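Coordinate analysis (summary)
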Amino acid sequence: MEVNRVVPVLVVMMIISLCPSTEDTETTEREAKKESRAVSEQSCGCHLTGVLDDCFCDVESIDAFNNYKIFPKLKKLQERDYFRYYKVNLKRPCPFWAEDGHCSIKDCHVEPCPESKVPLGIKAGNYNKYSLEANSEKDIDACEQATKLGAINSTLSNQSKEAFIDWARYDDAQDHFCELDDERSPDVQYVDLLLNPERYTGYKGPSAWRVWNSIYEENCFKPRSVYRPLNPLAPSISGDTGESFYEWLEGLCLEKRVFYRLISGLHASINLHLSAKYLLEDNWGNPRWGPNTKEFTHRFHPAYTKGEGPRRLKNLYFLYLIELRALSKVASYFERSVVDLYTGNLEEDVETKNLLLSIFIDAKSFPMHFDEKSMFAGNKKEARSLKEEFRLHFKNISRIMDCVGCDKCRLWGKLQTQGLGTALKILFSEKEIQSLPENSPSKGFQLTRQEIVALINAFGRLSTSIKELQSFKYLLHDHR
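Here's a quick rundown of the structure.

The rules behind these values
Along every chain, residues carry numbers that run from 1 in the direction the sequence is written. In view of the model being predicted, local features appear only for residues whose pLDDT reaches at least 70, and side-chain atom pairs are presented and counted only at 80 or more, with totals across whole chains, interfaces and linings using the full set of residues. The basis for the side-chain values is all heavy atoms of the structure; hydrogens and waters are excluded. Orientation is described by axes fitted as lines to C-alpha atoms, over the contacting stretch for helices, and by angles from 0 to 180 degrees between their N-to-C directions. Helix and strand assignments come from DSSP, with helices taken as H or I runs of at least 4 residues and strands as E runs of at least 2, each series counted from the N terminus. In these notes the angle categories are as follows: under 35 degrees is roughly parallel, over 145 is roughly antiparallel, 65 to 115 is roughly perpendicular, and the rest is oblique. The sense of a crossing depends on the near helix, which, turned anticlockwise from the far helix by less than a right angle, makes the crossing left-handed and, turned clockwise, makes it right-handed. Note on contacts: a residue pair is in contact if any heavy atoms of the two residues lie within 4.5 Å. Three classes are used: nonpolar for Ala, Val, Leu, Ile, Met, Phe, Trp, Tyr, Cys and Pro, charged for Asp, Glu, Lys and Arg, and polar for all others, with Gly counted as polar. Two strands make a pair as long as DSSP finds a minimum of two bridges between them. Partly exposed describes any residue whose relative accessible area lies between the buried limit of under 20% and the exposed limit of over 50%, with all areas from a 1.4 Å probe on protein chains only and scaled to the type maximum. We call two N or O atoms a polar contact when they sit within 3.5 Å, provided that within protein one can donate a hydrogen and the other can accept it, with sequence-adjacent residues counted only if both atoms are side-chain atoms. Centres within 6.5 Å are what make two rings of Phe, Tyr or Trp a pair, Trp counting through its six-membered ring; a difference in plane orientation under 30 degrees is then read as stacked, over 60 as edge-to-face, and the rest as tilted. Only when the NZ of Lys or the CZ of Arg is both within 6 Å of the ring centre and within 35 degrees of the ring normal is a charge said to sit over the ring. In the sections that follow, a salt bridge refers to a side-chain nitrogen of Lys or Arg positioned within 4 Å of a carboxyl oxygen of Asp or Glu.

**Some points on the packing of helix α12 (residues 308–335) against helix α15 (residues 407–427)**
Geometrically, a packed helix pair is captured by the angle between its two axes and the distance between the axes. Between α12 and α15, whose axes approach to 9 Å, the crossing angle comes to 55°. Relative to α15, α12 is oriented oblique. In this structure, α12 crosses over α15, and the sense of that crossing is left-handed. On α15, the residues touching Leu319, Ile322, Glu323, Arg325, Ala326, Lys329 and Val330 of α12 are Leu420, Ala423, Ile426 and Leu427. Of the residues contributing to the contact of α12 with α15, the split by class is 8 nonpolar, no polar and 3 charged.

**Structural notes on the pairing of strand β4 (residues 286–290)**
Relative to β4, strand β3 (residues 278–283) is paired through 5 bridges, and the arrangement is antiparallel. Each residue of the ladder has a partner; that of glutamate 281, found in β4, is arginine 288. What sits between the antiparallel neighbours β3 and β4 is a turn of 2 residues, in which tryptophan 284 has the positive phi angle 55°.

**A look at the environment of leucine 120**
One can find leucine 120 in helix α4 (residues 120–123). A residue is classified by how much of its surface remains accessible, and leucine 120, at 35% relative accessible area, is partly exposed. For the pair leucine 120 and threonine 343, spaced 223 residues apart in the sequence, the C-alpha separation amounts to 6.6 Å.

**Concerning helix α10 (residues 293–300)**
The element α10 is largely enclosed, with a buried count of 6 among its 8 residues. Within α10 the residues assigned to the buried category are Thr293, Glu295, Phe296, Thr297, Arg299 and Phe300. Its side-chain oxygen 3.0 Å from the backbone nitrogen of lysine 294, asparagine 292 forms the N-cap of α10.

**Side note on the side chain of lysine 414**
Position of lysine 414 relative to the elements: it lies in helix α15. If we ignore the near neighbours within four places in the chain, the residues touching lysine 414 are Tyr86, Val88, Asn89, Leu90, Arg92, Asp181, Met401 and Asp402.

**Some words on the side chain of arginine 80**
Locating arginine 80 in the fold gives a position in the loop between α2 (59–78) and α3 (81–84). Within the structure, arginine 80 has its side chain in polar contact with the side chain of glutamate 351 (distance 3.1 Å). What arginine 80 contacts, discounting residues up to four positions off in sequence, is Glu348, Glu351 and Thr352.

**Quick look at the packing of aromatic side chains**
Counted according to the given criterion, the structure contains 22 aromatic pairs. Centre to centre, the rings of phenylalanine 65 and phenylalanine 366 are 4.8 Å apart; their planes meet at 55°, and the pair counts as tilted. Of this pair, phenylalanine 65 sits in helix α2 while phenylalanine 366 sits in the loop between α13 (346–365) and α14 (380–400); the two residues are 301 residues apart in sequence, bridging distant segments of the chain. With respect to class, phenylalanine 65 is no different from phenylalanine 366; both count as buried. For the ring pair phenylalanine 296 and phenylalanine 472, a centre distance of 4.3 Å and an interplane angle of 10° mean the geometry is stacked. Taken as a pair, phenylalanine 296 in helix α10 and phenylalanine 472 in helix α17 (residues 449–478) lie far apart in primary sequence, 176 residues in all. Taking the relative accessible area as the measure of exposure, phenylalanine 296 reaches 1% and is therefore buried. Judged by its relative accessible area of 1%, phenylalanine 472 is buried. Ring pairing ties together the aromatic residues Phe177, Phe221, Phe259, Phe376, Phe390, Phe394 and Phe428, which thus form one cluster. One residue, arginine 261, lies across the ring of phenylalanine 318, its end atom 4.2 Å from the ring centre. Cation over ring: arginine 449 sits above tyrosine 82, and NZ or CZ is 5.0 Å from the ring centre.

**Topic: the pattern of salt bridges**
Using the criterion set out here, one finds 26 salt bridges in the structure. Note that aspartate 181 and lysine 414 form a salt bridge whose closest N and O atoms lie 3.1 Å from each other. Placement of the pair is aspartate 181 in the loop between α6 (161–173) and β2 (188–192) and lysine 414 in helix α15, with a sequence separation of 233 residues. Residue classification places aspartate 181 among the buried positions, given a relative accessible area of 18%. Under the relative-accessibility criterion, lysine 414 is labelled buried at 8%. Residue glutamate 217 pairs with lysine 222 through a salt bridge whose shortest N-O separation is 2.7 Å. Judged by its relative accessible area of 8%, glutamate 217 falls in the buried class. Look at lysine 222 and you get buried, because its relative accessible area is 9%. Each of Arg92, Glu179, Asp181, Asp402 and Lys414 takes part in a single network of salt bridges with overlapping partners.

Shown next, in the form of structure tokens:
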């Protein structure tokens, strides 16, 4: 197999403190906006500038806010034990079509984490019986003792036993935006996300295309008679530039238009990750991963995508705004003393929560949030029906992720879909979040540890995408 090679290019970026003064931060962000605009205007044509559709936020403001303010903190947070271990079932069968067979490429493989390596405070949150093979007798005793003390829930503080009781009953009654894995299934396993990074695995072709085609064609409120640009099944029409699709899209209500843009933004973000973490060479089992400008150009340059690439990137920014808004809305849930990101290491748990709260403060400070109140704001009966349709469509997409043939792609697809589903759940639960009591859980709104881990890591992926997009702008500009 021919491997694309990229000559490394030194990208000189401004390095700032994680805790600069307000004046320094504002100055840095102003300079970053100017720098981002200047590089975009001179790069390959994959550039974005100005205000996004369906909101009042500009690309340059997001670039500066993300790259110089929130991205460094997110990166540190994702390295914390609470957020690095994700529990997932990668063996669930595809519910929609016969299996195409799993990817046999070595980079598709996911290395599960032995439960003996997972912090006891995290393990105490599940209901599985621990085998002697997975844990030492000492570990089993510690986990059982933790459960007896009330550590059923690894998110809420062990000071509130009422919280643990409510937690155990909560999942069965809650309406979710995602199809959740049964944590008691023997096929569920812990995965260390830091040891299984999202990157290009070589998984492509009919199997991968079938997944995305099913998502777009059957779940984005689109009639069969309307074809997406670059859809290989679309009839060849002379002079068709794909504008007919966008004319149809603009005719939809805001809610359905937003739904399509969220899915397109997620797709764009994943494509960016694959371009940024590409196997450049593999010398005797010593792989080198890095940005592949050729792959990026193929996926996003207007000339190679019939003008579609920049639209995909705009949807990435739109998705970023949606999840950023969710973080700002859910801050009060985590600010309560009853909520604790519990791993069993008290000192680290306190530092992790303080870092998370710092990110929430940044999220709330962003001045150009998406206004979710503009959605589902019409006739109450119609709004409820549309909201439920919105939820069921998204839940169906989360089920399609079990049809992905590459385990690593399936892992990150499930995590990012669950993260977005959690963000939507937050945005549609504003009243319940606002009425949360300080010292006990609310029966109207709870987040499981899985949802919290997915939410932060999914937003971390979007934040990384925007950072990598900036890096590609520099690389392509230097290659001119």
